[in-house]
Amino acid sequence: MAFVIAEPCATCKDTSCVAVCPCDVIHAGVVERDGARFDQFFINPDECIDCGLCEPECPVDAIFADDELPEPWKEYSEINAT
Ligand code: SF4
Ligand code: SF4
C-alpha cells in the first residue's frame, strides 16, 4: 500500500506535504493519460513507507491511503504510480 495524491492538489500545490515527508518521495509532475492532463504533486508508491505524515498537512484534503481513495478518484492510484 501507499498514500496517493488526488485531484484537489491541482488547485493548490503548496508543498506542505513535501516538507514533512521523511523519504522525499513526493514530486511535482505532469501526467498525460487518456487525453487528460494531470499537473500536480504525486507520491512514488514504490518508495512511500506509509507513515501517513503527509495526509493531515494537506490544506485541500487531497491525500489518501490507497485503499481509502474516494470512488471518483480511484484512478489516481495508477496516475501517481505513472
Ligand atoms: S505516507 Fe509518509 S512516506 Fe508516504 S508520501 Fe506521505 S509522508 Fe511520504
Ligand atoms: S499539501 Fe496537498 S495540495 Fe499541497 S502539494 Fe501536497 S497534496 Fe498537493
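From a predicted model like this one, the values you see are computed outputs, not experimental measurements.

**Thoughts on the overall build of the protein**
Working step 1: Regarding its fold elements, the protein presents two helices and four strands.
Working step 2: When the elements of the protein are put in sequence order from the N terminus, they spell out β-α-β-β-β-α.
Working step 3: Here the protein has a C-alpha radius of gyration of 11 Å; the compact-globule value for 82 residues is 12 Å, and the two agree.
Working step 4: Considering only C-alpha atoms, the protein reaches an extent of 35 × 25 × 20 Å along its principal axes.
Working step 5: The buried share of the protein, reckoned over its 82 residues, is 35%.
Working step 6: In the protein, once contacts between residues fewer than 6 apart in sequence are set aside, the share between residues at least 24 apart is 72%.
Working step 7: Of the roughly 4700 Å² of accessible surface on the protein, 47% is carried by carbon and sulfur atoms.
Working step 8: The positive charge centre, built from 4 side chains, and the negative charge centre, built from 18, are 8 Å apart in the protein.

**Some words on the nonpolar core**
Working step 1: If you look at the biggest cluster of nonpolar residues, it comprises 16 residues, and the most contacted ones within it are Phe 3, Ile 5, Ile 26, Ile 43, Cys 54 and Ile 63.
Working step 2: Looking at this core, the elements with two or more residues in it are β1 (3–5), β3 (36–43) and β4 (63–65).
Working step 3: Not counting chain neighbours up to four residues away, the residues in contact with Phe 3 comprise Ile 43, Cys 48, Asp 50, Gly 52, Cys 54, Glu 55, Ile 63, Phe 64, Ala 65 and Asp 66.
Working step 4: With nine residues, the next largest nonpolar core counts Val 4, Phe 42, Phe 64 and Tyr 76 among its residues.

**So, the site of ligand 1**
Working step 1: Contacts to ligand 1 come from Phe 3, Cys 21, Pro 22, Val 25, Ile 26, Ile 43, Cys 48, Ile 49, Cys 51, Gly 52 and Cys 54.
Working step 2: By residue class, the composition of the shell around ligand 1 is ten nonpolar, one polar and no charged.

**Let's talk about the site of ligand 2**
Working step 1: Taken together, 13 residues lie around ligand 2, and Cys 9, Cys 12, Asp 14, Cys 17 and Cys 58 are the ones closest in.
Working step 2: Of the residues in the shell around ligand 2, the class split is nine nonpolar, two polar and two charged.

Analysis parameters
Residues numbered from 1 in each chain as written. Chains lettered and ligands numbered in written order. Predicted model: local features only at pLDDT ≥ 70, side-chain atom pairs only at ≥ 80, totals over all residues. Heavy atoms only, no water. Helix = DSSP H or I, 4+ residues; strand = E, 2+ residues; numbered from the N terminus. Rg over C-alpha atoms; globule rule 2.2 N^0.38 Å. Buried < 20%, exposed > 50% of the residue type's maximum accessible area, 1.4 Å probe, protein only. Contact = heavy atoms within 4.5 Å. Areas by Shrake-Rupley, 256 points an atom, 1.4 Å probe, with all protein chains shown as cover. Lys, Arg positive; Asp, Glu negative; His and termini not counted. Charge placed at Lys NZ, Arg CZ, Asp CG, Glu CD. Core = buried A, V, L, I, M, F, W, Y, C linked by side-chain atoms within 4.5 Å. Near = heavy atom within 4 Å. Nonpolar A, V, L, I, M, F, W, Y, C, P; charged D, E, K, R; others polar.

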